[in-house]
Amino acid sequence: MAFMCAPGKHRRPGRMKRTSAQAAGIAALTTTGVMGTLAAPALAAENSVEQTGLTPVITIGDWVAEQIGAQAAAQKQAAEQKAAEEAARKKAAEKAKKEREAKARAAREAERKRLNTFVAPISHSYVSTGYLSGGSLWSSGSHTGIDFHAASGTSVHAVGYGTVVEAGWGGAYGNQVVIRMNDGTYTQYGHLSSIGVSVGQKVTTGERIGLSGATGNVTGPHLHFEARTTAEYGSDIDPVAYLRKHGVNI
(Lines give C-alpha, C1' and ligand atoms only; values in the text may rest on other atoms or scores of the structure.)
Protein backbone atom coordinates (compact mmCIF):
# COMPACT_ATOMS: atom_id res chain seq x y z
CA MET A 1 0.00 0.00 0.00
CA ALA A 2 1.45 3.34 -0.99
CA PHE A 3 1.54 6.37 1.22
CA MET A 4 1.51 9.90 -0.07
CA CYS A 5 3.42 12.52 1.80
CA ALA A 6 1.88 15.91 2.12
CA PRO A 7 3.80 18.71 0.49
CA GLY A 8 6.33 20.38 2.78
CA LYS A 9 6.69 17.39 5.10
CA HIS A 10 10.33 16.87 4.10
CA ARG A 11 11.44 20.41 4.77
CA ARG A 12 14.55 20.74 6.87
CA PRO A 13 13.63 20.81 10.57
CA GLY A 14 13.93 24.10 12.34
CA ARG A 15 17.08 25.15 14.15
CA MET A 16 15.62 24.48 17.56
CA LYS A 17 14.55 21.01 16.59
CA ARG A 18 17.89 20.22 14.99
CA THR A 19 19.73 21.48 18.01
CA SER A 20 17.66 19.17 20.28
CA ALA A 21 18.27 16.21 18.04
CA GLN A 22 21.96 16.98 17.97
CA ALA A 23 22.10 17.12 21.73
CA ALA A 24 20.41 13.73 22.01
CA GLY A 25 22.68 12.27 19.37
CA ILE A 26 25.77 13.65 21.08
CA ALA A 27 24.71 12.15 24.35
CA ALA A 28 24.25 8.77 22.70
CA LEU A 29 27.53 9.01 20.89
CA THR A 30 29.34 9.96 24.06
CA THR A 31 27.97 6.83 25.74
CA THR A 32 29.11 4.61 22.95
CA GLY A 33 32.51 6.25 22.65
CA VAL A 34 31.94 7.43 19.10
CA MET A 35 31.78 11.07 20.10
CA GLY A 36 35.46 11.70 19.39
CA THR A 37 35.20 10.68 15.75
CA LEU A 38 31.81 11.98 14.71
CA ALA A 39 30.69 14.78 16.91
CA ALA A 40 33.19 17.43 15.85
CA PRO A 41 32.74 16.95 12.10
CA ALA A 42 29.02 16.84 12.47
CA LEU A 43 28.95 20.02 14.49
CA ALA A 44 31.43 21.67 12.19
CA ALA A 45 29.29 20.81 9.20
CA GLU A 46 26.20 22.05 10.92
CA ASN A 47 27.82 25.24 12.01
CA SER A 48 29.22 25.94 8.55
CA VAL A 49 25.77 25.58 7.09
CA GLU A 50 24.22 27.71 9.76
CA GLN A 51 26.75 30.54 9.61
CA THR A 52 25.11 33.96 9.66
CA GLY A 53 27.91 35.57 7.62
CA LEU A 54 29.39 37.40 10.62
CA THR A 55 32.76 35.61 10.62
CA PRO A 56 33.51 36.25 6.91
CA VAL A 57 32.50 39.87 7.33
CA ILE A 58 34.84 40.25 10.31
CA THR A 59 37.64 38.54 8.37
CA ILE A 60 37.19 40.81 5.36
CA GLY A 61 36.96 43.81 7.68
CA ASP A 62 40.26 42.87 9.31
CA TRP A 63 41.90 42.47 5.90
CA VAL A 64 40.61 45.87 4.74
CA ALA A 65 41.81 47.43 8.00
CA GLU A 66 45.22 45.87 7.50
CA GLN A 67 45.35 47.19 3.92
CA ILE A 68 44.29 50.67 5.04
CA GLY A 69 46.83 50.57 7.84
CA ALA A 70 49.58 49.47 5.45
CA GLN A 71 48.60 52.19 2.98
CA ALA A 72 48.55 54.82 5.73
CA ALA A 73 51.96 53.67 6.95
CA ALA A 74 53.35 53.83 3.41
CA GLN A 75 51.88 57.30 2.92
CA LYS A 76 53.32 58.43 6.23
CA GLN A 77 56.73 57.03 5.32
CA ALA A 78 56.58 58.71 1.91
CA ALA A 79 55.56 62.01 3.52
CA GLU A 80 58.38 61.76 6.05
CA GLN A 81 60.87 60.95 3.27
CA LYS A 82 59.61 63.87 1.19
CA ALA A 83 59.86 66.18 4.20
CA ALA A 84 63.39 64.94 4.89
CA GLU A 85 64.37 65.48 1.24
CA GLU A 86 62.85 68.96 1.26
CA ALA A 87 64.68 69.81 4.48
CA ALA A 88 67.94 68.51 2.97
CA ARG A 89 67.32 70.54 -0.20
CA LYS A 90 66.66 73.70 1.80
CA LYS A 91 69.74 73.09 3.92
CA ALA A 92 71.89 72.57 0.81
CA ALA A 93 70.40 75.68 -0.83
CA GLU A 94 71.05 77.73 2.30
CA LYS A 95 74.61 76.43 2.50
CA ALA A 96 75.18 77.24 -1.18
CA LYS A 97 73.72 80.72 -0.65
CA LYS A 98 76.01 81.37 2.31
CA GLU A 99 79.00 80.13 0.33
CA ARG A 100 78.09 82.43 -2.59
CA GLU A 101 77.68 85.37 -0.22
CA ALA A 102 81.00 84.58 1.47
CA LYS A 103 82.73 84.37 -1.94
CA ALA A 104 81.12 87.64 -3.01
CA ARG A 105 82.27 89.35 0.20
CA ALA A 106 85.76 87.95 -0.24
CA ALA A 107 85.83 89.12 -3.87
CA ARG A 108 84.66 92.60 -2.89
CA GLU A 109 87.24 92.76 -0.12
CA ALA A 110 89.97 91.57 -2.49
CA GLU A 111 88.90 94.16 -5.06
CA ARG A 112 88.83 96.88 -2.40
CA LYS A 113 92.33 95.94 -1.27
CA ARG A 114 93.52 95.76 -4.86
CA LEU A 115 92.14 99.21 -5.65
CA ASN A 116 93.65 100.62 -2.47
CA THR A 117 97.07 99.08 -2.99
CA PHE A 118 99.76 101.71 -3.49
CA VAL A 119 103.42 101.56 -4.49
CA ALA A 120 106.27 104.05 -4.62
CA PRO A 121 106.49 106.02 -7.91
CA ILE A 122 110.14 105.00 -8.34
CA SER A 123 111.23 101.48 -7.41
CA HIS A 124 114.27 101.01 -5.16
CA SER A 125 114.80 104.73 -4.70
CA TYR A 126 114.82 107.24 -1.85
CA VAL A 127 113.69 110.80 -1.09
CA SER A 128 116.47 113.22 -1.96
CA THR A 129 114.55 116.41 -1.07
CA GLY A 130 111.83 116.49 1.57
CA TYR A 131 108.43 118.13 1.70
CA LEU A 132 108.32 121.88 2.55
CA SER A 133 112.09 122.23 2.27
CA GLY A 134 112.93 125.96 1.95
CA GLY A 135 115.04 127.70 -0.68
CA SER A 136 115.13 130.05 -3.65
CA LEU A 137 114.70 127.18 -6.07
CA TRP A 138 110.95 127.14 -5.51
CA SER A 139 108.65 129.99 -6.44
CA SER A 140 106.47 129.43 -3.42
CA GLY A 141 109.46 129.58 -1.11
CA SER A 142 109.17 125.93 -0.11
CA HIS A 143 109.07 122.52 -1.74
CA THR A 144 105.48 121.46 -2.48
CA GLY A 145 106.35 117.81 -2.95
CA ILE A 146 109.23 115.38 -2.56
CA ASP A 147 112.00 114.47 -4.97
CA PHE A 148 112.93 110.85 -5.66
CA HIS A 149 116.48 110.15 -6.71
CA ALA A 150 116.39 108.81 -10.29
CA ALA A 151 118.60 108.91 -13.37
CA SER A 152 117.05 110.03 -16.64
CA GLY A 153 114.99 107.29 -18.28
CA THR A 154 113.99 105.55 -15.05
CA SER A 155 110.47 104.10 -15.11
CA VAL A 156 107.90 106.17 -13.24
CA HIS A 157 104.84 104.28 -11.93
CA ALA A 158 101.34 105.32 -10.96
CA VAL A 159 101.23 104.94 -7.20
CA GLY A 160 97.66 103.59 -7.31
CA TYR A 161 94.50 103.16 -9.40
CA GLY A 162 93.12 106.29 -11.01
CA THR A 163 92.40 108.33 -14.13
CA VAL A 164 94.82 110.66 -15.89
CA VAL A 165 93.53 114.26 -15.81
CA GLU A 166 96.65 116.02 -17.09
CA ALA A 167 99.45 114.80 -19.33
CA GLY A 168 101.78 117.35 -20.95
CA TRP A 169 103.86 120.42 -20.31
CA GLY A 170 103.47 121.90 -16.83
CA GLY A 171 105.72 124.99 -16.82
CA ALA A 172 108.27 124.77 -14.01
CA TYR A 173 107.31 121.09 -13.61
CA GLY A 174 108.36 120.33 -17.18
CA ASN A 175 106.60 117.29 -18.60
CA GLN A 176 104.09 116.20 -16.00
CA VAL A 177 101.25 113.73 -15.35
CA VAL A 178 98.41 114.34 -12.86
CA ILE A 179 96.19 111.44 -11.82
CA ARG A 180 92.88 111.55 -9.98
CA MET A 181 93.11 108.59 -7.62
CA ASN A 182 90.19 106.29 -6.82
CA ASP A 183 89.96 107.74 -3.29
CA GLY A 184 89.40 111.26 -4.70
CA THR A 185 92.90 112.58 -4.09
CA TYR A 186 95.40 113.57 -6.81
CA THR A 187 99.02 112.67 -7.46
CA GLN A 188 101.46 114.61 -9.65
CA TYR A 189 104.66 113.42 -11.38
CA GLY A 190 107.00 116.13 -12.71
CA HIS A 191 110.18 116.70 -14.75
CA LEU A 192 109.55 113.63 -16.93
CA SER A 193 111.71 113.00 -19.97
CA SER A 194 108.75 111.33 -21.70
CA ILE A 195 105.06 110.73 -21.03
CA GLY A 196 103.46 107.35 -21.65
CA VAL A 197 99.78 108.05 -20.91
CA SER A 198 97.02 110.37 -22.11
CA VAL A 199 94.18 112.32 -20.50
CA GLY A 200 91.20 110.13 -19.64
CA GLN A 201 93.23 106.94 -19.49
CA LYS A 202 92.65 104.56 -16.59
CA VAL A 203 95.82 103.47 -14.86
CA THR A 204 96.52 100.70 -12.37
CA THR A 205 98.84 100.44 -9.42
CA GLY A 206 102.44 100.18 -10.60
CA GLU A 207 101.65 100.92 -14.24
CA ARG A 208 104.42 102.84 -16.04
CA ILE A 209 103.22 106.32 -16.94
CA GLY A 210 106.48 107.82 -18.14
CA LEU A 211 110.23 108.12 -17.68
CA SER A 212 112.09 110.38 -15.26
CA GLY A 213 114.16 113.27 -16.58
CA ALA A 214 115.22 116.89 -16.06
CA THR A 215 112.59 118.94 -17.89
CA GLY A 216 111.34 122.21 -16.41
CA ASN A 217 112.95 124.05 -13.52
CA VAL A 218 115.55 121.57 -12.24
CA THR A 219 119.24 121.28 -11.41
CA GLY A 220 119.45 117.62 -12.41
CA PRO A 221 117.38 114.54 -13.26
CA HIS A 222 114.94 113.28 -10.63
CA LEU A 223 111.22 112.73 -10.11
CA HIS A 224 109.16 115.41 -8.42
CA PHE A 225 106.13 113.81 -6.74
CA GLU A 226 103.17 115.57 -5.12
CA ALA A 227 99.97 114.49 -3.35
CA ARG A 228 97.08 116.96 -3.63
CA THR A 229 93.47 117.44 -2.66
CA THR A 230 92.68 118.88 -6.11
CA ALA A 231 94.38 118.82 -9.48
CA GLU A 232 95.59 122.39 -9.02
CA TYR A 233 98.87 123.74 -7.73
CA GLY A 234 98.72 124.88 -4.09
CA SER A 235 96.48 122.05 -2.79
CA ASP A 236 99.46 119.93 -1.83
CA ILE A 237 99.53 117.66 1.24
CA ASP A 238 102.45 115.79 2.81
CA PRO A 239 103.33 113.11 0.20
CA VAL A 240 105.33 110.99 2.63
CA ALA A 241 102.40 110.79 5.07
CA TYR A 242 100.08 110.17 2.10
CA LEU A 243 102.09 107.22 0.83
CA ARG A 244 102.60 105.77 4.30
CA LYS A 245 98.86 106.01 4.94
CA HIS A 246 98.42 103.76 1.92
CA GLY A 247 101.00 101.25 3.08
CA VAL A 248 104.09 102.51 1.24
CA ASN A 249 107.19 102.79 3.40
CA ILE A 250 109.65 105.37 2.17
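Every chain begins its residue count from 1, and numbering advances along the sequence as written. With pLDDT at 70 or above as the cut-off, local features in this predicted model cover only qualifying residues; side-chain atom pairs require 80 or more to be listed or tallied, and sums for whole chains, interfaces and linings still use all residues. Side-chain numbers here rest on the full set of heavy atoms in the structure, without hydrogens or water.

**Details of the packing of aromatic side chains**
And step 1. Aromatic pairing here means that ring centres of Phe, Tyr or Trp (its six-membered ring) are within 6.5 Å. Orientation follows from the plane angle: under 30 degrees is stacked, over 60 is edge-to-face, and everything else is tilted. For the structure on display, the rule yields four aromatic pairs.
And step 2. Ring geometry for Phe148 and Phe225: centres 6.4 Å apart, planes at 70°, overall edge-to-face. Remark: Phe225 occurs in strand β9 (residues 222-228) and Phe148 occurs in strand β2 (residues 146-149); sequence separation between them is 77 residues. Neither Phe148 nor Phe225 differs from the other in exposure class; each is buried.
And step 3. One aromatic cluster is present, built from ring pairs that chain together Phe148, Tyr189 and Phe225. Put simply, DSSP marks the helices as runs of H or I at least four residues long and the strands as runs of E at least two long, and each gets a number from the N terminus on. Here the term buried applies to any residue with accessible area under 20% of the maximum for its type, exposed to any over 50%, and partly exposed to those in between, with areas from a 1.4 Å probe on protein chains only.

**Points about unusual backbone geometry**
And step 1. Although it is not a glycine, His124 sits at a positive phi angle of roughly 55°.
And step 2. In this fold, His124 is placed in the loop between α3 (54-115) and β1 (127-129).
And step 3. Residue His124 is classed as exposed on the basis of its relative accessible area, which comes to 86%.

**Overview of a nonpolar patch on the surface**
And step 1. For patch building, the residue pool is restricted to those with more than 30% relative accessible area and no salt bridge; the joining distance is 9 Å between like charges and 5 Å between nonpolar side chains (Val, Leu, Ile, Met, Phe, Trp, Tyr). Accessible surface is estimated by sampling points in the Shrake-Rupley manner with a 1.4 Å probe; for residues, cover comes only from the protein chains shown. The rule for a salt bridge is simple: a side-chain nitrogen of Lys or Arg has to be within 4 Å of a carboxyl oxygen of Asp or Glu. Judged by side-chain polarity, Ile60, Trp63, Val64 and Ile68 come together as a nonpolar surface patch covering roughly 410 Å² of accessible area.
And step 2. Turning to its location among the elements, Trp63 is positioned in helix α3.
And step 3. Exposure remark for Trp63: the relative accessible area of 52% places this residue in the exposed category.

**Brief notes about the side chain of Thr185**
And step 1. With respect to the helices and strands, the residue Thr185 is situated in the loop between β5 (175-181) and β6 (186-195).
And step 2. Residue Thr185 is classed as buried on the basis of its relative accessible area of 18%.
And step 3. In protein, a polar contact requires one atom able to donate a hydrogen and another able to accept it; more generally it is a pair of N or O atoms within 3.5 Å, and residues adjacent in sequence count only if both atoms are side-chain atoms. Looking at Thr185, its side chain comes within polar contact range of the side chain of Asp183, at 2.6 Å.
And step 4. Two residues form a contact once any of their heavy atoms are found within 4.5 Å. When near neighbours in sequence (up to four residues on either side) are disregarded, Thr185 contacts Ile179, Arg180, Arg228 and Tyr242.

**Things to note about the pairing of β5**
And step 1. Judged by how many residues are buried, β5 sits mostly within the fold: six of seven residues are covered.
And step 2. The criterion for strand pairing is that DSSP finds at least two bridges linking the strands in question. Of the pairings in the sheet, the one linking strand β4 (residues 162-169) to β5 comprises seven bridges and is antiparallel in character. By the bridge assignment for β5, Trp169 is matched with Asn175.
And step 3. Here β4 hands over to β5 after five residues, with Gly171 in that stretch at a positive phi of 70°.
And step 4. Where β5 lies against β6, five bridges are found, and the strand directions are antiparallel. Within β6, the residue paired with Val178 across the bridge is Gln188.

**Some points on the pattern of salt bridges**
And step 1. Taken as a whole and judged by the stated rule, the model has four salt bridges.
And step 2. For Glu86, the salt bridge identified is with Arg89, shortest N-O distance 2.6 Å. Placement of both Glu86 and Arg89 in helix α3 is noted, with a separation of three residues, approximately one turn of the helix.
And step 3. One salt bridge in this structure joins Arg114 and Glu111, with 2.5 Å as the shortest N-O distance.

**Points about the side chain of His246**
And step 1. Within the element layout of this structure, His246 appears in the segment after α4 (239-245).
And step 2. There is a polar contact of 2.9 Å between the side chain of His246 and the backbone oxygen of Tyr242.
And step 3. For His246, the residues in contact, after removing those within four places along its chain, are Asn116, Phe118 and Asp183.

**Considerations on the confidence of the model for the protein chain**
And step 1. Values of pLDDT, which run from 0 to 100, indicate the predictor's confidence residue by residue. Across the protein chain, the average pLDDT comes to 83, with 75% of residues at or above 70.
And step 2. Here residues 1-10 is modelled with pLDDT under 50, and outside its nearest four sequence neighbours on either side it reaches one contact, counting other chains as well.

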